[in-house]
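Residue strings, one per chain:
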Amino acid sequence: MRFLLIFIYFFCFSLIAQEQWEEVNPGVWKITVGTPDEFDLLKASNVPPKIEALTRMGGGNFPFDLSEVVTEVRSNHTYLRFPLDRQEQIYGFGLNFKTVHQRGQILHLHVDHYGGRDNGRTHAPVPFYVSSNGYGVFINSARYLDIYAGSAARKDSENPPEARDRNTDRNWTSRPYSDAVEVLVPSEGVELYVFVGPSPLEVVRRYNLFTGGGPLPPRWGLGFTQRVHKLFNAEQVLEEAALFEEKGFPLDFIGLEPGWQSKSYPNTFVWDKGRFPEPEKFMDKLKEKGVRVNLWVNPYVSPESPIYKEIRPYTASHTVWAGIVPDFTLEKTKEIFWDHFDKNHIEQGVSGYKIDEVDGYDRYLWPDVTQFPSGISAEQMRQTYGLMVQKQSAALFRARNKRTYGLVRASNGGGTSFPYVIYNDYYNHEDFITALINSSFSGVLWTPEARASKTPEEWLRRMQSVVFSPMAMINAWSSGTKPWSFPEVAEEVKEMALLRMQMMPYWYSEFAKYHFDGTPPFRGMSLEDGYQIISQKNTLTDDEANLETNPYAEAVRKEVKDQYMAGEYLLVAPMFAGEESRTVILPRGKWYDFYTGEFVGQEEVITVTPGLDKIPVFVKNGGIIPMMEPLLHAPGPEDKINLEIKHYGDKPGEYLLYDDDGETFDYEQGHYSWRTITVEQKGNGMFKGSITKAEKNKPDNINSVVWKYMTNE
Ligand code: GAL
């Protein structure tokens, strides 16, 4: 009897315990519904939360009653429902290319190459969304998830859509109002997380910190990179690097495409003896010129690879391009596969990888009927393969106390901290910018790479966007395009590339803020203060609703897919081929032209006609942008730079400048410094800047400082 009572007690307790929300970190709430799968996104990424930073943020209140969240396990599935307000907008659900507002969308989250429609199939279909009401939801599942993001209506809803008469009612709509996000998870349970704000940016920061904080790239990772033709040999690569130098064009790393290997698709992972007889010497020579090497790979192993026999037992039942597919959840696979990379590439000097084809298409990849030796389903493998290759390859560099920064074609929830940037073959410039915006709601990085262009105008416009992105890349593997390939705009392109280098202290500090505080370096406008205020209002006053007197109010209600924030102070509004002018929505506060320091407007929609040589960039009032001389390669650990600190606007400002050796993980042992740059206003109205010294024995790469008061010179 006693045993029975104890049993009943524990049984009931476990039921209750399972269904309780628990604050696992400050502002991060978790609930376990039913019996979740053993393997999920957080297990695949396996990165601890940045607890100190989360603690610094403190907790926060829920914007809705947790009891409004419905969770049910029914017929082998888990059903989830989250409430939505009338005015609420939601962002996220991964790397979408055409939409920023996700409310109303139906998505089937599935890792895939983006196919031209925002339907959930994309390179990083992260099951995380951010609400304009200041909270976020993360579904920790490595399954294909069905998401009805405010697109379905229930008959028991407290806010049901009105039944209208299509014959006579002009307000009849084919998409009636929905008051909930509903999700179907094809498992008998799932872990759910809710992230508290109060602002959408704080929600994103919390999610990013919970998943390990953003990566801190090596300094060279933020310089320029070019990818060369797949059949280039060592001589040709060296010539390419020399040509960049000769033309005065910056270059920090060069990417070799499939032909560095003896065979590819499937891959041997062995240097081709004809094209690269002495890889180590070749990389040394490049390194002397300040240029590093990134290798293209996909993970599918050729029968001719030296690791083929050994790894075969640890691979899937199906092949990809006749190559065997490693099961990266197994320790043995990791050992065999990555050990080869370590000994045959990294030891010889390779500084990073471009890990291709871990996303889709269905026709290329293993089918869902595939069996993996670990017993993990093909579906779960598909959702997490990108995460695992990022994690495991990055670990090789970490073991050598070297940072890396590379490219990958798939990621997912939990992958925030991996030093990889997502890319694809889709190549629509406008949609590339929308993807850059969406990357900020999903804890991933995205590059709007430039490959080729039909006209000089398009080339310049694309290069301008590339400069204001996480990876400044030309991916000319097939076109052979060089930065100077269009003589009409060669000078302007060069100027942009050098601007990227000049802004290195800013970019590096902004990435440090991503790493330490979770603030994405490139962000959608919806994460901006003073942008939300108006878009969130339930009702507009007559004045506000009057478009003639307030175009701003209306504009911010619309989806903004073509402008974004770059770092703390910059607003970037890219131009696309064929455009001479465009509108820009300026959030609350005064804004200034990045190039001239002139006042451009505040809390309004402006039209700009920038000319071909400029990408419109605006600076917040009081903004401080630390710049350096236009070097052709990122400064090394011992190099000193000359800072030029620019201040904009009519009010004082402050900026935190980050510094460390730029290459190793020694910063984790405290070898870094934050310096405070302050610009004060004196009695006579003049501005005066100062910068704190680096602490004793802490990194200090500054040689000299000059100040530029852009608005008040
Ligand atoms: C594609 C990839 C390209 C390029 C190419 C080489 O899948 O997206 O960037 O690397 O493979 O074959």
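### Observations regarding the pairing of strand 31 (residues 672-681)
For step 1, the next point in the chain: Pairing analysis gives 8 bridges linking strand 30 (residues 653-660) to strand 31, with the strands arranged antiparallel. Note that in strand 31 the partner of Asp660 across the bridge is Tyr672.
For step 2, the next point in the chain: Adjacent in sequence and paired antiparallel, strand 31 and strand 32 (residues 687-691) are bridged by 5 residues, among which Gly685 carries a positive phi angle near 90°.

### Examining the packing of helix 4 (residues 200-210) against helix 13 (residues 504-517)
For step 1, the next point in the chain: Between helix 4 and helix 13, the least distance of the axes is 8 Å, while the angle of their chain directions is 75°. As summarised for this structure, helix 4 and helix 13 are arranged roughly perpendicular, according to the angle between their axes. Counting all contacts with helix 4, which are made through Arg205, Asn208 and Leu209, the residues of helix 13 involved are Tyr514, His515, Phe516 and Asp517.
For step 2, the next point in the chain: The residue makeup of the contact of helix 4 with helix 13, split by class, is 3 nonpolar, 2 polar and 2 charged.

### Some details on the site of the ligand
For step 1, the next point in the chain: Around the ligand, 13 residues are found, and the nearest of them are Glu257, Lys354, Asp356, Glu357 and Asp425.
For step 2, the next point in the chain: One nitrogen or oxygen atom from the side chain of Lys354 is found 2.7 Å from an oxygen atom belonging to the ligand.
For step 3, the next point in the chain: Taking Glu357, its side chain carries an N or O atom lying 2.6 Å from an oxygen atom of the ligand.
For step 4, the next point in the chain: Here the ligand has 310 Å² of accessible area as a free molecule, and 91% of this is covered by the chains.
For step 5, the next point in the chain: Looking at the shell around the ligand, its residues break down into 5 nonpolar, 1 polar and 7 charged.

### As for the side chain of Arg219
For step 1, the next point in the chain: Within the secondary structure, Arg219 is located in the loop between helix 4 and strand 13 (224-227).
For step 2, the next point in the chain: Of the residues examined, Arg219 reaches a relative accessible area of 5% and is grouped as buried.

### What to know about the sheet that holds strand 1 (residues 22-25)
The strands that make up a sheet are held in pairs by hydrogen bonds between backbone atoms, and each pair lies either parallel or antiparallel.
For step 1, the next point in the chain: Across the sheet, which stays open at both edges, the 6 strands sit in the order 1-2-12-9-8-5 with antiparallel pairing between neighbours. One side of each edge strand has no neighbouring strand; the edge strands of this open sheet are strand 1 and strand 5 (90-92). For this sheet, the mean inter-axis angle between neighbouring strands, taken without regard to orientation, is 30°.
For step 2, the next point in the chain: Sheet strands in contact with helix 4 are strand 1, strand 2 (28-34), strand 8 (128-131), strand 9 (135-140) and strand 12 (189-196), and its direction is about 130° off that of strand 12.

### Here we look at the sheet that holds strand 30
For step 1, the next point in the chain: Read across the sheet, 3 strands follow the order 30-31-32 without closing on themselves; strand pairing throughout is antiparallel. Single-partner strands in this sheet number two, and they are strand 30 and strand 32. The mean angle between the axes of side-by-side strands here comes to 20°, regardless of whether they run parallel or antiparallel.
For step 2, the next point in the chain: The pairing of strand 31 with strand 32 spans 5 bridges and is classified as antiparallel. Counterpart to Ile677 in the pairing with strand 32 is Ile691.
For step 3, the next point in the chain: Across the sheet, helix 13 touches strand 30 and strand 31, and the angle it forms with strand 30 is around 85°.

### So, the packing of aromatic side chains
Each pair of aromatic rings is reported with the distance of its centres and the angle of its planes.
For step 1, the next point in the chain: Inspection of every chain in the model, using the stated rule, returns 64 aromatic pairs.
For step 2, the next point in the chain: Both rings, one in Phe128 and one in Phe195, keep their centres 5.8 Å apart while their planes meet at 85°; by these two values the pair is edge-to-face. Here Phe195 lies in strand 12 and Phe128 lies in strand 8, a separation of 67 residues in the sequence. As far as the burial class goes, Phe128 and Phe195 line up, both buried.
For step 3, the next point in the chain: Judged by centre distance (5.1 Å) and plane angle (65°), the rings of Trp260 and Trp271 are edge-to-face. Of this pair, Trp260 sits in the loop between strand 14 (253-256) and helix 6 (279-288) while Trp271 sits in the loop between strand 14 and helix 6, placing them 11 residues apart in sequence. Taken individually, Trp260 and Trp271 each receive the classification buried, so the pair is uniform in this respect.
For step 4, the next point in the chain: Among the aromatic residues, those joined into a ring-pair cluster are Phe269, Phe328, Phe337, Trp338, Phe341, Tyr353, Trp366, Phe372, Tyr385 and Phe397.
For step 5, the next point in the chain: Against the face of Tyr427 rests Arg462, its NZ or CZ located 3.5 Å from the ring centre.
For step 6, the next point in the chain: A cation sits over an aromatic face here: Lys614 above Tyr595, 5.1 Å from the ring centre.

### A closer look at the pairing of strand 8
For step 1, the next point in the chain: Neither face of strand 8 is exposed, since Phe128 and Val130 on one face and Tyr129 and Ser131 on the opposite face are all buried.
For step 2, the next point in the chain: Sheet topology places strand 5 next to strand 8; 3 bridges connect them, and they run antiparallel. Paired with Tyr91 across the strands is Val130, a residue of strand 8.
For step 3, the next point in the chain: Sheet topology places strand 8 next to strand 9; 4 bridges connect them, and they run antiparallel. Within strand 9, the position partnered with Val130 by the bridge is Gly136.

### A short note on the nonpolar core
For step 1, the next point in the chain: Residues Leu256, Phe282, Tyr353, Trp366, Phe468, Leu570 and Phe594 are the most contacted members of the largest nonpolar core, which totals 168 residues.
For step 2, the next point in the chain: Residue contributions to this core peak at 9 residues, all from helix 9 (residues 378-399).
For step 3, the next point in the chain: Beyond its immediate sequence surroundings of up to four residues, Phe594 is in contact with Leu499, Met503, Leu570, Val617, Phe618, Val619, Ile625, Met627, Tyr648 and Met710.
For step 4, the next point in the chain: In this structure, Ile139, Val181, Val185 and Leu192 belong to the second largest nonpolar core, which totals 28 residues.

### Focus on the environment of Thr692
For step 1, the next point in the chain: Assignment of secondary structure puts Thr692 in the loop between strand 32 and strand 33 (702-709).
For step 2, the next point in the chain: Judged by relative accessible area, which is 38%, Thr692 ranks as partly exposed.
For step 3, the next point in the chain: Separated by 36 residues in sequence, Thr692 and Leu656 have C-alpha atoms that sit 9.9 Å apart.
For step 4, the next point in the chain: Ignoring anything within four residues of it in the chain, the contact list for Thr692 reads Arg675 and Thr676.
For step 5, the next point in the chain: A distance of 2.8 Å separates a polar atom in the side chain of Thr692 from the backbone nitrogen of Thr676.

### As for unusual backbone geometry
For step 1, the next point in the chain: In this structure, Pro266 follows Tyr265 across a cis peptide bond, with omega equal to 10°.
For step 2, the next point in the chain: Looking at where Pro266 falls in the secondary structure, it is placed in the loop between strand 14 and helix 6.
For step 3, the next point in the chain: Tyr361 follows Gly360 through a cis peptide bond whose omega is -10°.
For step 4, the next point in the chain: Mapped onto the fold, Tyr361 is located in the loop between strand 18 (352-355) and helix 9.
For step 5, the next point in the chain: In this structure, Asn401 takes a positive phi of about 55° despite not being glycine.
For step 6, the next point in the chain: In this fold, Asn401 is placed in the loop between helix 9 and strand 19 (406-408).
For step 7, the next point in the chain: Assessed through its relative accessible area of 30%, Asn401 is described here as partly exposed.

### Description of helix 10 (residues 429-439)
For step 1, the next point in the chain: Helix 10 sits mainly inside the fold: 10 of its 11 residues count as buried.
For step 2, the next point in the chain: Among the residues of helix 10, those classed as buried are His429, Asp431, Phe432, Ile433, Thr434, Ala435, Leu436, Ile437, Asn438 and Ser439.
For step 3, the next point in the chain: Summarising the contacts, the buried residues of helix 10 are in contact with helix 11 (456-467), strand 22 (522-524) and strand 23 (564-566).
For step 4, the next point in the chain: Two to three positions downstream of the cap, the backbone nitrogen of Glu430 sits 3.0 Å from a side-chain oxygen, assigning the N-cap of helix 10 to Asn428.

### Brief notes about the confidence of the model for the protein
Residues shown with low pLDDT carry predicted positions that ought not to be read at fine detail.
For step 1, the next point in the chain: Per-residue confidence for the protein averages 93 on the pLDDT scale, and 94% of its residues sit at or above 70.
For step 2, the next point in the chain: Note that residues 9-18 has pLDDT below 50 and, in this model, 3 contacts with residues that lie over four places away or in other chains.
For step 3, the next point in the chain: Taken as a whole, residues 533-538 scores under 50 in pLDDT and shows 14 contacts with residues more than four places along the chain or in a different chain.

Thresholds applied
- Residues numbered from 1 in each chain as written.
- Predicted model: local features only at pLDDT ≥ 70, side-chain atom pairs only at ≥ 80, totals over all residues.
- Heavy atoms only, no water.
- Pairing = 2+ DSSP bridges.
- Helix = DSSP H or I, 4+ residues; strand = E, 2+ residues; numbered from the N terminus.
- Axes fitted to C-alpha atoms, helices over the stretch in contact; angles between N-to-C directions.
- Parallel < 35°, antiparallel > 145°, perpendicular 65-115°, else oblique.
- Contact = heavy atoms within 4.5 Å.
- Nonpolar A, V, L, I, M, F, W, Y, C, P; charged D, E, K, R; others polar.
- Near = heavy atom within 4 Å.
- Polar contact = N/O pair within 3.5 Å; in protein donor to acceptor, adjacent residues only side chain to side chain.
- Areas by Shrake-Rupley, 256 points an atom, 1.4 Å probe, with all protein chains shown as cover.
- Buried < 20%, exposed > 50% of the residue type's maximum accessible area, 1.4 Å probe, protein only.
- Phe/Tyr/Trp six-rings, centres within 6.5 Å; stacked < 30°, edge-to-face > 60°.
- Lys NZ or Arg CZ within 6 Å of the ring centre and 35° of its normal.
- Core = buried A, V, L, I, M, F, W, Y, C linked by side-chain atoms within 4.5 Å.
- pLDDT = per-residue confidence, 0-100.

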